[in-house]
Amino acid sequence: MKKLIIIIGLATTFTSCKKWLDVNDNPNTATTDVPTAEMRLPPLISQFNYAYEAAGTRSAFLTQQLAYINSQGVANFKLTTWLSESSGSANYPWQTWYVMAAVNVDPLITAAKKVEAWHYIGAAKIIKAWGFATMNDFYGMVVYDQFADPNTYTPRFDDGAYVQTKIMALLDEAIADLQKTQGLTAPPLAKGDILNNGNVDTWIKLAYGLKARLLNHLSKKTDYNPQAILDALTKGPQADNQSTIMQYVDEGPAIPDVSKEAQQYGNTGLSTKFAKLYVDYLSNNYTGAPTGANNMEDPRIDTILPNMSVDNGWVRTKGVDVSISAGPNSVSFNTATNSFTGSPLSDSAYITLRKTPYAPTAGQRIQSTGSWYTRRGAKALLLTNAEMRFIEAEVKFRMNNKTEALAAYKAGMRSHMNLLGIKPTVIDAFLASSSVIQDPAALTMSHIMIQKFIAMSFSPENWVDMRRMDYCTASGGVYNEAVGIYKGFKRPFAVNVQAYPNATDWPRRFAVASYEINYNIAEVLKLDPDAAKPTYLNKPVWWDKP
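All of these numbers come straight from a predicted model, not from anything done at the bench.

About the criteria used
- Residues numbered from 1 in each chain as written.
- Predicted model: local features only at pLDDT ≥ 70, side-chain atom pairs only at ≥ 80, totals over all residues.
- Heavy atoms only, no water.
- Helix = DSSP H or I, 4+ residues; strand = E, 2+ residues; numbered from the N terminus.
- Rg over C-alpha atoms; globule rule 2.2 N^0.38 Å.
- Buried < 20%, exposed > 50% of the residue type's maximum accessible area, 1.4 Å probe, protein only.
- Contact = heavy atoms within 4.5 Å.
- Lys, Arg positive; Asp, Glu negative; His and termini not counted.
- Charge placed at Lys NZ, Arg CZ, Asp CG, Glu CD.
- Axes fitted to C-alpha atoms, helices over the stretch in contact; angles between N-to-C directions.
- Parallel < 35°, antiparallel > 145°, perpendicular 65-115°, else oblique.
- Left-handed = near helix turned anticlockwise from the far one by under 90°.
- Phe/Tyr/Trp six-rings, centres within 6.5 Å; stacked < 30°, edge-to-face > 60°.
- Lys NZ or Arg CZ within 6 Å of the ring centre and 35° of its normal.
- Expected span 1.5 Å × (residues − 1).
- Nonpolar A, V, L, I, M, F, W, Y, C, P; charged D, E, K, R; others polar.
- Salt bridge = Lys/Arg side-chain N within 4 Å of Asp/Glu carboxyl O.
- Polar contact = N/O pair within 3.5 Å; in protein donor to acceptor, adjacent residues only side chain to side chain.
- Pairing = 2+ DSSP bridges.
- Core = buried A, V, L, I, M, F, W, Y, C linked by side-chain atoms within 4.5 Å.
- pLDDT = per-residue confidence, 0-100.

A. Structural detail: the overall build of the chain. Helix and strand counts for the chain stand at 19 helices and ten strands. Computed over the C-alpha atoms, the radius of gyration of the chain is 25 Å, within 12% of the 24 Å expected from 2.2 N^0.38 for a compact globule of 546 residues. Overall, the chain is about 105 × 60 × 50 Å in size when its C-alpha atoms are taken along their principal axes. By residue count, 55% of the 546 residues in the chain fall in the buried class. A separation of at least 24 residues holds for 74% of the contacts in the chain among residues at least 6 apart in sequence. For the chain, the distance from the average position of its 52 positive side-chain charges to the average position of its 48 negative side-chain charges is 1 Å.

This is the structure:
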């Protein structure tokens, strides 16, 4: 009898203990069991966005949208010379994706399955596919199959072509999940969706848009399939309000929390300027640019390029010509005299990308109006109708359907201008001007891709496109402005000669992140023995070669 009483007592004690522990589960603590799908999706979107936009900023230095001046030891200056380093610029996109985003996909899916929240599962799979696709294109090889295996400390690197097949299958799964009816207790997608506001149709269009983008990356491959791209485009975004855009929040300079402000605001400090190539493209100032008696300035130019007040007027920023020098000198602004100081003062014409001062008072000089892309409350154009139209223009051009290619080229420009808030009447006038190609027979791939370059500002896709198009070179890889696509894109004056010793060398991939170099080098070299060489940076990734 005493034994029975003791057993009952112990059972009661353990049961009570379990109940006590259950009661004290903290729903705000990030364990593997507690957070629900709607709690997990916002940080997953946010962290993916950090990785994606970080890759976009770094790409913008390589593609000469941006230039970094003054400090030659800084990672962004090195990127201006095409040098990406394992211990520097290569780390953040890799770390943000793997450590902060990718590892949280499966726990979200597990939580969503408990309540049959299929729309959350579909969104999570799209983010997973999108993130791995971005890293795959950026680095040329990634850890995919074993990245989430808790028992594998030195995971295997996977070949880029193989990873793309997995990504495409994952996007198909995501579309199927988004088309399912959710369970009775499942939260609506809008409850946790900070990207597309719970619009399931927009998520589906995003998946098809990503498929079109990735299929178009194969333009150098024998299995390039124009019709498959067009089929995906018909199911992707068809209107501006079907684009996937991250809206940041401007809480003002007195708010110490920077988590809501635009990432490109944070990424572009005082030493980051726009490069001459980008300014020339916006100014329609390049070899073969459309021109005629009815020329009109691009209405986006002063929305994108910063201006500075000078003698009761305004002056637009100059672009840094990275092909002839390491960049202008630094000048500083003296608030007491309301003027610039430094030598030479003419270098103040290279205007900072951030609005300065943030909230000017009466009589204060406007040092910079800033750029649409670098406002604190800016928008990140992640996948847009504009991009889809330029992909369509490229594909139709390859199919020798120049009439429809021209229509798509114009539609891409219109869409981007709409997103920037340009007045419709102004857009109509510009698209009818001689600054835009009007004759299908006169349209070239260069015209299409330069306009896409403008519309894809700060996107890692611009670097993908430049690699696919072989920059501005002839078939031998040497710069040739007559036949090259990206007119005026030249090797930097301070190009890193260890990584790019020959005139035919161009940036083709990013360095492997130091985390993998330091702790997983055997697996890195197993997939690509060239990864330890300085010239690895000019080695084409899998889709960048026939």
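Having seen the structure, we can now continue with the description.
B. Representation of the packing of helix α8 (residues 200-216) against helix α9 (residues 226-235) in the model. For the pair α8 and α9, the least separation of the axes is 8 Å and the interaxial angle reads 160 degrees. Taken together, the axes of α8 and α9 are roughly antiparallel relative to one another. Classified by chirality, the crossing of α9 by α8 is left-handed. Across from K205, Y208, K211, A212, L215 and N216 in α8, the residues of α9 making contact are A228, I229, A232, L233 and K235.

C. Examining the packing of aromatic side chains more closely. Going through the model one piece at a time under the given rule, you end up with 31 aromatic pairs. Arranged with centres 5.0 Å apart and planes meeting at 80 degrees, the rings of W372 and Y373 form a pair that is edge-to-face. Assigned by exposure class, W372 and Y373 land together as buried. The cationic tip of K180 hangs over the ring face of W118; the distance from NZ or CZ to the ring centre is 4.1 Å. Sitting over the face of the ring of Y358, R376 holds its NZ or CZ atom 5.1 Å from the ring centroid.

D. How the structure looks around helix α6 (residues 118-139). With 22 residues, α6 extends 31 Å from end C-alpha to end C-alpha; this agrees with the ideal 32 Å at 1.5 Å per step. For α6, the tally of buried residues reaches 22 of 22 residues, placing the bulk of the element in the interior.

E. Seen up close, the packing of helix α13 (residues 385-398) against helix α16 (residues 445-455). Put simply, α13 and α16 touch, their axes get as near as 10 Å, and they point 165 degrees apart. With respect to α16, the axis of α13 lies roughly antiparallel. As α13 packs across α16, the resulting crossing turns out to be left-handed. On the side of α13, the interface is formed by E387, F390, I391, A393, E394, F397 and R398, while α16 contributes M445, I448, M449, Q451, K452 and A455. In the contact of α13 with α16, the residues fall into eight nonpolar, one polar and four charged.

F. Summary view of the pattern of salt bridges. Under the counting rule described, the total for this entry stands at 33 salt bridges. Ionic pairing is found between D544 and R508, a salt bridge with its closest N-O pair at 2.9 Å. Taken together, the positions of D544 in the segment after α19 (521-527) and R508 in the loop between α17 (461-468) and α18 (514-519) put the pair 36 residues apart, joining distant regions of the chain. Each member of the pair, D544 together with R508, is buried. In this structure, a network of salt bridges that share partners links the residues E394, R398, K452, D465 and R468.

G. Structural context of α8. End to end, α8 covers 25 Å across 17 residues, agreeing with the expected 24 Å (1.5 Å per residue, within 8%). With respect to burial, α8 is a largely interior element, 15 of its 17 residues being buried. Near the N-terminus of α8, the side chain that reaches the backbone nitrogen of D201, with its oxygen 3.1 Å away, is that of N199.

H. Seen up close, the environment of L108. With respect to the helices and strands, the residue L108 is situated in helix α5 (residues 105-114). On the basis of relative accessible area, L108 is assigned to the buried category, the value being 0%. Distance from L108 to M445, taken between C-alpha atoms, is 42 Å for residues 337 residues apart in sequence. Not counting the four nearest positions on each side in its chain, L108 is found in contact with A37, R40, L41, L44, Y120 and A124.

I. Main features of the environment of A55. Turning to its location among the elements, A55 is positioned in helix α2 (residues 37-62). Remark: the alpha-carbon pair of A55 and P440, spanning 385 residues in sequence, is separated by 35 Å. The residues contacting A55, other than those within four sequence positions of it, are P93, T134, F138 and P460.

J. Broad picture of the environment of I109. If you trace the backbone, I109 turns up in helix α5. Separated by 72 residues in sequence, I109 and A37 have C-alpha atoms that sit 7.4 Å apart. Contacts of I109, omitting those with residues within four sequence positions, involve I121, A124 and K125.

K. Layout of the pairing of strand β6 (residues 307-310). As paired strands, β6 and strand β7 (residues 313-316) are joined by four bridges and run antiparallel to one another. Across the sheet, M308 pairs through a bridge with V315, a residue of β7. Counting the residues that bridge the hairpin from β6 to β7 gives two residues, and of these D311 lies at a positive phi of roughly 50 degrees.

L. How the structure looks around the side chain of D544. With a relative accessible area of 3%, D544 lands in the buried category. Reaching out from D544, the side chain makes a polar contact with the side chain of R508 at a distance of 2.9 Å. Filtering out sequence-adjacent residues up to four positions away, D544 remains in contact with K220, R467, R468, D470 and R508.

M. Region of interest: the nonpolar core. By size, the foremost hydrophobic cluster in this structure holds 150 residues, and its most contacted members are W97 and W203. Formed by six residues, the second largest nonpolar core is a distinct cluster that contains A67, A275, V322 and Y350.

N. Spatial organisation of the side chain of S89. Position of S89 among the secondary structure elements: in the loop between α3 (75-80) and α4 (91-101). For S89, the residues in contact, after removing those within four places along its chain, are R58, A75, L79, L83, S84 and F510.

O. Spotlight on the confidence of the model for the chain. With 94% of its residues at a pLDDT of at least 70, the chain reaches an overall mean of 93. The least confident element of the chain, judged by mean pLDDT, is helix α1 (residues 2-23) at 38; the most confident is α13 at 99. Per-residue pLDDT stays below 50 along residues 1-23; that stretch engages in zero contacts with residues further than four places along the chain or on separate chains.

P. Spotlight on unusual backbone geometry. At the junction of S343 and P344, the peptide bond is cis and its omega measures out at -10 degrees in the coordinates. Along the chain, P344 falls in the loop between β9 (339-341) and β10 (379-383). For D470, which is not a glycine, the phi torsion comes out positive at approximately 60 degrees. If you trace the backbone, D470 turns up in the loop between α17 and α18.

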